[in-house]
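Descriptive analysis of the structure
Residue strings, one per chain:
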Amino acid sequence: MTVIPGVTTVLTAVVERSTASPLDTLKSLLFYYVIYTYGVKAYRHVCARGVRRCVSETVTAAAKCILLLFLALPPGRSKVQSELSKVRRDIETKLIPEGAGVERHLELPRQGLSLECILKEMEKMDEEMGSNNPGENEKRAKGLDWRDGKISGAVYHGGTDLTRVIVAAFERYALANPLHPDVFPVIRKMEAEIVSICLGLFNNPNGAGTMTSGGTESIVMAVKTHRDWARTVRGITEPEMVIPHTAHAAFDKGATYMGVKVHVIPVDSVTRKVDMKRVRRAINPNTIMLVGSAVNFPDGNQDDIVALGQLASRHNIGLHVDCCLGSFVLPFLEASGLAHGETDTEGKVRYRLEPFDFRVKGVTSISCDTHKYGFAPKGSSVIMYRDASLRRYQYYVNPDWSGGVYASPSLSGSRPGSLIAGTWAAMQYIGSDGYLASCQSIVACARQIANAITTSIPSLYVLGSPPSSVVAFASRDKDVDVYEVGDAMAKRGWHLNAVTEPRGVHIACTKLTLGVVDTFVEDLKACVEQARLAPEGKGTMVALYGLGSSSPVGSTLMGEVATIFLDTLYRA
């Protein structure tokens with residue numbers, strides 16, 4: 001329990017010296033209780049964030065409120081709405097097909113269409129959206145044919161033969177639903193075997209887990225599980241969690257859904273690992289879990305899982321390791337011979353993989369996306385726990401429902417058995433030798449890019465020492481805006497990811513990257529020079545992320561742009 005020095009003494013003195021009536025004494029005690037309660041919360045908040053950061057956040061929040069008030073006045077409101085209208089039109093132009101020949105299917109056809117007609121209509125829609133189609137739709141297509149390999153992550157393609165295997169599994173189990181294991185016993189068996197395989201890869205064969213629809217659901221389930229465990233076992237009703245600044249946004253999403261307060265801890269600017277001193281300060285009696293990444297999405301580095309595990313064990317709290325992006329790469333790095341990294345010309349070891357799985361004491365859960373480097377169909381992930389007793393807190397069980405006893409292992413009730421079958425088929429088809437070869441080639445590709453940036457592009461530097469498949473780079477040259485570089489790469493057909501704090505760009509290498517790695521390096525060199533000599537200041541990265549850092553309300557405006565984007569997705 002957190003005790004603010006002197007408060008207990010004051011409360012005792014109030015009771016002992018009070019000559020007021022019992023009612024007045026009770027009022028005083030209630031007043032001091034409220035002060036004490038909020039004082040404790042403020043004290044914990046300052047401990048977690050530090051005085052300087054708390055002051056900075058308060059000033060920023062105040063400035064944001066003032067600016068939003070000004071923007072709410074007629075002149076400001078009109079200008080903002082005008083600019084957002086332009087943004088909406090730009091987004092709609094890119095996403096929504098227009099023209100006399102575009103047919104919109106807003107109602108059911110009176111009579112059902114044949115398979116031939118449906119396939120023809122799909123082909124027509126592909127052409128309308130510019131998919132692999134030059135000519136008048138060239139601007140819309142923007143060179144984003146994923147088969148060219150000029151894409152960061154997004155498409156984890158295991159080859160055309162594997163696609164046929166997955167489609168065959170889909171067809172065989174298209175109607176299967178694991179909610180009914182008595183009707184579809186094979187799907188139940190497949191799911192259990194997928195979880196078992198993953199537990200083995202992460203060195204916890206006697207552990208437990210479930211499949212989910214993706215990394216986000218796996219993470220949300222981990223938050224829910226630790227929240228419910230802490231409430232039942234430790235009586236925590238105001239849960240808090242501690243995460244690195246580079247942790248996936250799904251943790252904040254899960255905390256929002258589950259009513260958990262989040263303390264975001266900065267990472268070291270050089271190693272890109274979470275600041276362990278700050279993590280220690282952030283832990284308090286309401287902390288339910290810590291989070292570490294292996295590897296994180298923004299820059300592909302891993303946190304110090306061993307140190308986090310020691311803290312979690314000492315305080316009897318959970319530790320979740322996000323290995324969604326590490327996926328089926330990290331578990332094979334040791335066998336590939338790449339886990340020890342490389343030694344550079346100065347004798348420093350880089351790209352070394354540190355312990356991250358259930359062999360680390362204190363790790364209570366791990367998320368792994370089978371639909372990334374497991375090459376399974378999109379919509380499949382696994383959440384794993386150290387033991388089955390912890391997994392029970394993930395379940396939802398309602399024995400009193402009027403429709404009968406209802407129980408489900410994760411967020412969804414009905415789930416597509418075809419995805420489970422496709423995942424199982426992919427894993428069986430590739431096998432451990434296939435995943436080992438994939439790990440070797442993809443990690444070698446990422447390190448080739450990282451080494452090329454380090455040795456031949458002096459204006460850029462690699463963020464941290466990424467051990468796996470993701471490489472992020474930032475600018476060390478004041479005359480080179482890395483977002484200008486990213487926009488210039490986009491004009492050459494590359495689809496990369498912008499990252500912030502620091503401003504950077506990353507590429508997640510996949511099998512598709514292997515054939516274009518030399519092209520990537522040469523294009524990157526050319527784009528750095530272009531950004532230095534002829535910056536345009538008009539590209540998507542420059543405009544969007546420049547907006548986000550332009551003022552205290554920048555993030556709010558970026559949120560509006562993101563909301564417009566989401567709205568546009570559902571315009572037929």
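Residues numbered from 1 in each chain as written. Predicted model: local features only at pLDDT ≥ 70, side-chain atom pairs only at ≥ 80, totals over all residues. Heavy atoms only, no water.

So, the sheet that holds strand E4 (residues 287–293)
- The sheet built from 7 strands is open, its strands ordered E1-E9-E8-E5-E4-E2-E3 with mixed pairing. Edge strands, defined here as strands with exactly one partner in the open sheet, are strand E1 (208–212) and strand E3 (261–265). When the angles between neighbouring strand axes are averaged without regard to direction, this sheet yields 20 degrees.
- As judged from the 5 bridges shared by E1 and strand E9 (residues 381–385), these two strands associate in the antiparallel manner. Bridge pairing in E9 places Ala208 opposite Tyr385. (Pairing = 2+ DSSP bridges. Helix = DSSP H or I, 4+ residues; strand = E, 2+ residues; numbered from the N terminus. Axes fitted to C-alpha atoms, helices over the stretch in contact; angles between N-to-C directions.)

Notes on the pattern of salt bridges
- The tally for this structure, following the rule as stated, stands at 27 salt bridges.
- In this structure, the salt-bridge partner of Glu193 is Lys189, at a minimum N-O distance of 2.5 Å. Residue Glu193 and its partner Lys189 are both found in helix H8 (residues 185–201); the two are separated by 4 residues, about one turn of the helix.
- On the basis of relative accessibility, which here comes to 26%, the residue Glu193 falls in the partly exposed class.
- Residue classification places Lys189 among the partly exposed residues on the basis of a relative accessible area of 43%. (Salt bridge = Lys/Arg side-chain N within 4 Å of Asp/Glu carboxyl O. Buried < 20%, exposed > 50% of the residue type's maximum accessible area, 1.4 Å probe, protein only.)

Focus on the environment of Ser459
- Within the element layout of this structure, Ser459 appears in the loop between helix H15 (417–456) and strand E12 (460–462).
- A relative accessible area of 7% means that Ser459 is categorised as buried.
- Setting aside its immediate chain neighbours within four residues, Ser459 contacts Ala474, Ser475, Arg476, Asp477, Val480, Val528 and Arg532.
- Reaching out from Ser459, the side chain makes a polar contact with the side chain of Arg532 at a distance of 2.3 Å. (Contact = heavy atoms within 4.5 Å. Polar contact = N/O pair within 3.5 Å; in protein donor to acceptor, adjacent residues only side chain to side chain.)

Quick notes on the sheet that holds E12
- Pairing within the open sheet is antiparallel, and its 4 strands lie in the order E12-E13-E15-E14. The sheet is open, and its two edges are formed by E12 and strand E14 (497–499), each paired on a single side. Each adjacent strand pair in this sheet contributes to an overall mean axis angle of 30 degrees, direction not counted.
- Sheet analysis places E12 next to strand E13 (residues 470–475), joined by 3 bridges and oriented antiparallel. Residue pairing for E13: Val462 is matched across the bridge by Phe473.

As for the packing of helix H3 (residues 51–72) against helix H4 (residues 74–95)
- Following both chains from N to C, one finds H3 and H4 inclined at 90 degrees, their axes separated by 5 Å at the closest point. Compared by their axis directions, H3 and H4 come out roughly perpendicular. Residue-level inspection shows Phe70, Leu71 and Ala72 of H3 in contact with H4, the latter providing Pro74, Gly76, Arg77 and Val80.
- Its residues placed into classes, the contact of H3 with H4 shows 5 nonpolar, 1 polar and 1 charged. (Parallel < 35°, antiparallel > 145°, perpendicular 65-115°, else oblique. Nonpolar A, V, L, I, M, F, W, Y, C, P; charged D, E, K, R; others polar.)

Structural notes on the pairing of strand E2 (residues 240–244)
- Burial within E2 is extensive, with 5 of its 5 residues counted as buried.
- Side-chain alternation along E2 places Glu240, Val242 and Pro244 on one buried face and Met241 and Ile243 on a second face that is also buried.
- In this fold, E2 hands off to helix H10 (residues 249–258), which returns the chain to E3; that crossover is right-handed. (Right-handed = clockwise from strand over helix to strand, strands pointing away.)

Side note on the pairing of E13
- Within E13, 5 of the 6 residues are buried, which leaves the element mostly enclosed by the surrounding structure.
- Across 4 bridges, E13 lies against strand E15 (residues 504–508) in antiparallel orientation. Bridge pairing links Phe473 to Val505 in E15.

Digging into unusual backbone geometry
- The omega torsion across Ala294 and Val295 is 5 degrees, close enough to zero to call that bond cis.
- Its location among the elements puts Val295 in the loop between E4 and helix H12 (305–315).
- Here Glu501 and Pro502 are connected by a cis peptide whose omega angle stands at 5 degrees.
- Inspection of the secondary structure puts Pro502 in the loop between E14 and E15.
- Residue Ala154 is not a glycine yet carries a positive backbone phi of 65 degrees.

Structural notes on the nonpolar core
- Core analysis: the largest hydrophobic core is formed by 100 residues, its most contacted members being Leu290 and Phe520.
- Among the elements that make up this core, the one with the highest residue count is H15 (16 residues).
- In this structure, Leu290 is in contact with Val242, Val279, Ile283, Leu308, Leu311, Ala312, Ile317, Gly318, Leu319 and His320, ignoring residues within four places of it in sequence.
- Residues Val220, Ile243, Ala250 and Cys324 belong to the second largest nonpolar core, which totals 24 residues. (Core = buried A, V, L, I, M, F, W, Y, C linked by side-chain atoms within 4.5 Å.)

All we've got here are geometric facts, nothing functional implied.
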